[in-house]
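Each chain, letter by letter, is given below.
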Amino acid sequence: MDKLLKDLNESQKEAVLATEGPVMAIAGAGSGKTRVLTRRMAHLIFNLGVPAHRILAITFTNKAANEMKTRVAKLLGISTSQMWVSTFHSMCARILREHIDLLGYDRRFQIIDDDDVTQMVKVILKQLNIDPKMVKPKMLKTHVLNVKADPSLIDDYDEPLRGYLNHVFPAYQKQLKNSNLVDFEDLLVLTIELLKKYPEIKKQYHGLFQYVMVDEFQDTNNVQYDLIRLLVNEQNNVFIVGDEDQSIYAFRGANIDNIRKFERNFPKVKRILLEQNYRSTNTILKASNDVIRGNRNRIEKNLFSTQGEGEPVTFFKGYTYRDETEYVAEMIRELVFRHNYQYEEIAVLYRANATSRAFEDTFMQKHIPYQVVGNTSFFKRKEIKDIVAYLRLILNPNDSYSLTRIVNEPRRGIGAKTIERLSIFADKEQDSLFEAISLPNSPLGKAPLSKLKTFRDLILSLKEKLDVMEFNDFIDELLVRTGYREMLRYDDMGDVRYENIMELKTMIQETKKSIEDADKIDVLTYVLEEIALKSAEDEKKETNVVTLMTLHAAKGLEFKAVFIVACEQGMFPLYRSMESPKDLEEERRLMYVGMTRAMERLYLTNCRQRQLYGETQMHQDSMFLSEININHLKLEGLNKAVSREHTPSKKRRLLTPKSTLETVDNDLSKGDRINHTAFGRGVVISVSGDQCVIAFAKEHGIKTLLKNHKAIKKV
DNA sequence: AGGCAAGGGGTTTTT
DNA sequence: CCCCTTGCCT
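Everything in this summary refers to the structure shown in the same document.

## Section: the overall build of chain A
Now for step 1: In terms of helices and strands, chain A carries 28 helices and 23 strands.
Now for step 2: Accessible surface, chain A as shown: approximately 33,500 Å² in total, 49% of it carbon and sulfur.

## Notes on unusual backbone geometry
Now for step 1: Residues Glu-409 and Pro-410 are joined by a peptide bond in cis, for which omega reads 0°.
Now for step 2: Note that Pro-410 resides in the loop between helix H17 (400-406) and helix H18 (416-428).
Now for step 3: For the bond running from Phe-572 to Pro-573, omega is 5°, close enough to zero to count as cis.
Now for step 4: Its place among the elements puts Pro-573 in the loop between strand S15 (559-564) and helix H25 (581-595).
Now for step 5: A positive phi angle, near 55°, is found at Asn-236, a position not held by glycine.
Now for step 6: Examined against the element boundaries, Asn-236 turns out to sit in the loop between helix H11 (222-231) and strand S7 (238-242).
Now for step 7: A relative accessible area of 27% means that Asn-236 is categorised as partly exposed.
Now for step 8: For Ala-566, which is not glycine, the phi dihedral falls at a positive 55°.
Now for step 9: One can find Ala-566 in the loop between S15 and H25.

## Some details on helix H15 (residues 356-365)
Now for step 1: Of all the residues in H15, the buried ones are Ser-356, Ala-358, Phe-359, Glu-360, Thr-362 and Phe-363.
Now for step 2: Residues of H15 that are buried make contact with helix H14 (321-338), strand S12 (346-350), strand S13 (370-372) and strand S14 (546-550).
Now for step 3: In the stretch just after H15, His-367 is the one whose phi turns positive, near 55°.

## What about the state of the cysteines?
A covalent bond between the sulfur atoms of two cysteines is what we call a disulfide.
Now for step 1: Enumeration according to the criterion identifies zero disulfides in this entry.
Now for step 2: Free cysteine Cys-567: the closest other cysteine sulfur is in Cys-607, separated by 11 Å.
Now for step 3: By relative accessible area, which is 0% here, Cys-567 ends up buried.

## A word on the protein's contact with DNA strand C
Now for step 1: Contacts to DNA strand C come from Lys-122, Lys-133, Arg-357, Tyr-613 and Gly-614.
Now for step 2: Here Arg-357 contributes a side-chain N or O atom positioned 2.7 Å from a phosphate oxygen of DNA strand C.
Now for step 3: Partitioned by chemical class, the residues of the surface near DNA strand C number one nonpolar, one polar and three charged.

## Topic: the environment of Leu-612
Now for step 1: With respect to the helices, strands and loops of the structure, Leu-612 is situated in strand S16 (residues 598-612).
Now for step 2: Leaving out residues up to four positions away in the same chain, Leu-612 has contacts with Met-571, Gln-617 and His-619.

## Some points on the packing of helix H9 (residues 184-197) against H11
Two quantities define a packed helix pair, namely the angle between the axes and the distance from one axis to the other.
Now for step 1: Packing of H9 against H11 leaves a shortest axis separation of 10 Å and a crossing angle of 35°. For the pair H9 and H11, the sense of crossing is left-handed. Listed contacts from H11 to Glu-185, Leu-188, Val-189, Thr-191, Ile-192, Leu-195 and Lys-196 of H9 are Val-223, Gln-224, Asp-226, Leu-227, Leu-230 and Leu-231.
Now for step 2: Looking at the contact of H9 with H11 residue by residue, the classes come out as eight nonpolar, two polar and three charged.

## A few points about the pairing of strand S3 (residues 84-87)
The two faces of the sheet receive side chains in turn, since in a regular strand these alternate between them.
Now for step 1: With four bridges joining them, strand S2 (residues 55-59) and S3 adopt parallel strand pairing. If you follow Thr-59 over to S3, its bridge partner there is Thr-87.
Now for step 2: On the question of chirality, the crossover connecting S2 to the parallel S3 by way of helix H4 (residues 62-76) is right-handed.

## Comments concerning the pattern of salt bridges
Now for step 1: Counted according to the given criterion, the structure contains 47 salt bridges.
Now for step 2: Note that Glu-345 and Lys-560 form a salt bridge whose closest N and O atoms lie 3.5 Å from each other. Remark: Lys-560 occurs in strand S15 and Glu-345 occurs in the loop between H14 and S12; sequence separation between them is 215 residues.
Now for step 3: Judged by its relative accessible area of 25%, Lys-560 is partly exposed.
Now for step 4: Between Glu-383 and Arg-497 there is a salt bridge, with its nearest N and O atoms 3.0 Å apart.

## Regarding the side chain of Thr-355
Now for step 1: Mapped onto the elements of the fold, Thr-355 is located in the loop between S12 and H15.
Now for step 2: Not counting chain neighbours up to four residues away, the residues in contact with Thr-355 comprise Tyr-350, Val-565, Ala-566 and Met-571.

## Describing helix H20 (residues 446-468)
Now for step 1: Taking 1.5 Å per residue as the helical rise, H20 with its 23 residues ought to reach 33 Å, and the 34 Å between its terminal C-alpha atoms agrees with that figure.
Now for step 2: Its buried side turned inward, H20 meets helix H16 (382-395), H17, H18, helix H19 (433-437), helix H21 (471-482) and helix H24 (520-533).

## Let's talk about the nonpolar core
Now for step 1: If you look at the biggest cluster of nonpolar residues, it comprises 50 residues, and the most contacted ones within it are Ile-387, Leu-391, Phe-455, Phe-474, Leu-478, Ile-508 and Ile-531.
Now for step 2: If one sorts the elements of this core by residue count, H16 sits on top with nine residues.
Now for step 3: Apart from the residues within four sequence positions on either side, Ile-387 is in contact with Leu-478, Leu-479, Tyr-484, Ile-501 and Leu-504.
Now for step 4: With 47 residues, the next largest nonpolar core counts Met-24, Val-232, Ile-256 and Ala-532 among its residues.

## Re a positive patch on the surface
Now for step 1: Side chains of Lys-136, Lys-138, Lys-380 and Arg-576 sit close together on the surface and give a patch of like positive charge.
Now for step 2: Here Arg-576 shows up in the loop between S15 and H25.

## Observations concerning the sheet that holds S3
Now for step 1: Spatial ordering of the open sheet is given by S3-S2-S6-S7-S1-S8, a layout of six strands whose pairing is parallel. A single partner strand is all that each edge strand has here, and the edge strands are S3 and strand S8 (270-274). Ignoring which end each strand starts from, the neighbouring axes of this sheet average 15° apart.
Now for step 2: Of the pairings in the sheet, the one linking strand S6 (residues 211-214) to S7 comprises three bridges and is parallel in character. Its bridge partner lying in S7, Val-212 is registered against Val-238.
Now for step 3: Sitting on the sheet, helix H2 (residues 10-17) is in contact with S7 and S8, with an inclination near 145° to S8.

## Considering the packing of H11 against helix H12 (residues 257-265)
Now for step 1: The N-to-C vectors of H11 and H12 enclose an angle of 25°; their axes lie 11 Å apart at closest approach. One element, H11, and the other, H12, form an angle in the roughly parallel class. H12 is crossed by H11, and the crossing has right-handed handedness. Contacts from Asn-222, Tyr-225 and Arg-229 in H11 reach Asn-258, Lys-261, Phe-262 and Asn-265 in H12.
Now for step 2: Looking at the contact of H11 with H12, its residues break down into two nonpolar, three polar and two charged.

## Observations regarding the packing of aromatic side chains
Now for step 1: Here the structure, examined in full by the defined rule, presents 13 aromatic pairs.
Now for step 2: Arranged with centres 6.1 Å apart and planes meeting at 65°, the rings of Phe-217 and Tyr-225 form a pair that is edge-to-face. Assigned by exposure class, Phe-217 and Tyr-225 land together as buried.
Now for step 3: Judged by centre distance (5.6 Å) and plane angle (70°), the ring pair of Phe-217 and Phe-262 falls under edge-to-face. You can see Phe-217 sitting in the loop between S6 and H11 and its partner Phe-262 sitting in helix H12, a full 45 residues away along the chain.
Now for step 4: Note on Phe-217: relative accessible area 1%, which makes it buried.
Now for step 5: Taking NZ or CZ as reference, Arg-229 lies 5.9 Å from the ring centre of Phe-266, over its face.
Now for step 6: The ring of Tyr-249 has Arg-252 sitting right over it, with the charged end atom 3.9 Å from the ring centre.

Cut-offs and rules
Residues numbered from 1 in each chain as written. Chains lettered and ligands numbered in written order. Predicted model: local features only at pLDDT ≥ 70, side-chain atom pairs only at ≥ 80, totals over all residues. Heavy atoms only, no water. Helix = DSSP H or I, 4+ residues; strand = E, 2+ residues; numbered from the N terminus. Areas by Shrake-Rupley, 256 points an atom, 1.4 Å probe, with all protein chains shown as cover. Buried < 20%, exposed > 50% of the residue type's maximum accessible area, 1.4 Å probe, protein only. Contact = heavy atoms within 4.5 Å. Disulfide = S-S within 2.5 Å. Near = heavy atom within 4 Å. Polar contact = N/O pair within 3.5 Å; in protein donor to acceptor, adjacent residues only side chain to side chain. Nonpolar A, V, L, I, M, F, W, Y, C, P; charged D, E, K, R; others polar. Axes fitted to C-alpha atoms, helices over the stretch in contact; angles between N-to-C directions. Left-handed = near helix turned anticlockwise from the far one by under 90°. Pairing = 2+ DSSP bridges. Right-handed = clockwise from strand over helix to strand, strands pointing away. Salt bridge = Lys/Arg side-chain N within 4 Å of Asp/Glu carboxyl O. Expected span 1.5 Å × (residues − 1). Core = buried A, V, L, I, M, F, W, Y, C linked by side-chain atoms within 4.5 Å. Patch = residues over 30% accessible without salt bridge, like charges linked within 9 Å, V, L, I, M, F, W, Y side chains within 5 Å. Lys, Arg positive; Asp, Glu negative; His and termini not counted. Charge placed at Lys NZ, Arg CZ, Asp CG, Glu CD. Parallel < 35°, antiparallel > 145°, perpendicular 65-115°, else oblique. Phe/Tyr/Trp six-rings, centres within 6.5 Å; stacked < 30°, edge-to-face > 60°. Lys NZ or Arg CZ within 6 Å of the ring centre and 35° of its normal.

By themselves these figures say nothing about function.
Below is the structure:
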């Protein structure tokens, strides 16, 4: 017992031992949250004798789930395979595999990702004769999924979007069901439907889950919240960990108010604050606190560190982006060669993916090994999605979506028109595309029909092969028989693509090993589910290289040295978030998350002049920089030059441009509509430096004005 | 059906 | 500026 507790502080112990009733742990950055979760689980199992499979622990990513499993396994030396430690989505998939037939789906349903949803929405728009220029499929997809999560939202939409949703959503849902597919939202929504409709099933899970734990609670959305409430039994043994200051996923529905909602719904909740930080130096922590303090709507925390004061936070300002990238490269070399850092202990973080490019160029030139995390996920690659589509169609010929994807990949002379005609025919006959191929009275011409029949025979014969072949051989057979292998030979990227498919093969083989199931179809179903729910984070990581990634991707990680780059108004915070206070607060939390990733050294960099969309723009310092107390900062680059020439009071002004109140931050760019107190409405023609050219109505004409004059206001 | 040129648009993103 | 999509032409 002591072993599980001895290296914990008082609050951590309290969180581990408070097993009964609702508990909420507010866990500041670096406060040992994962440690608490794993110890708590070990305590339940080892000291209280709770069977491991009767604890439900929900995380946000597979990575977090795996980490928790590994750590519990290591603490207790037990197998974790039966444990319910998983993401919301895999938990739901596991429940639905048991019971989804009650909702009219087949238990061998397949899971599609957001790109697939977009594709389907696009096709439906076409079928409904809606001009895709009117609504972008990608944007409509977001709304379709929102409405699925909360049908009452449809009333909030205005025409024409509302009309589109009213047509597209039911058609989309019908197609999914016909193809026996579910999207990520369905996983949650259908599980809720199941638990609500079938009290005996709810009872079954209430009996099973004696203890429920939820990690990263600040990032739950409303559907996930409802799901947790449904799964917690009358004992109310629910433990949530979160930190509202680290909530950075509001843009996809995360609702910070769920923390407060939790307190209302579980009035007897015990609240524990984890305030001791084990990660960062005090200086880094103080600077981070300076920034997050700017947010109004939060519970004040008092994070403290035992890691000593450490180095000041460096703020480097360059003239051009080249200065900035070279400075970062230089500092990395210094850290590695002078301070004995490993490359893998260093991260470069940015707000938008596009920023990585300039750094990649410089790092390449300067021979700094690096990796860019999370651009195109392995599973989103075309060749992987194609092979998955083949496998899905073989498993379920009624999966018309998968059929559409690969019927002409490689080219079989089956064009869009043929598929369109087949689609209409299938619709009329109330059958899937696959079955419609062999129906009598086909309206299709002889030639296209015979091509389709050849394709149908190919799929059927592969299905037979699946039963008698090993998976490895089967994939090879599939590649050859479908002509995919041959197609890759004429592809510039063919070698890489083939390698990726071989990688997929290995993964199938490994997943297969981890389950013992006699039925091949069940095995393949499971393997495909794993693939659907997995993501980039599970890809093999390179060793000892500098990591470049977005601030979002950095969540939950830590590095000895962190560079947050492009700290400029417009870049970070982003232009678009500066208009709404709510969005701006989320940007600030993002800055906070980024800063608190650093253990020893934190560098904030930017440049005055940045090339953006082919134009040179003059940028101001990010407002977040001016929020940091100057005592925690060491100024470098342009800052330093200025500070040497001027008096200390001037130096302060550099960091707090707001003190000169005659100007405002008008983040104008070409095309923006503005309002001028004297000249009225106008449109920005160009921006250069602190000047801009604006076209006003006839009586005023075109004028060149100071960009940041307070008379100008963006509308 | 397929290849090339012009055009639009360019947060963040796990599952 | 650069990438991806679209549309037109062959």
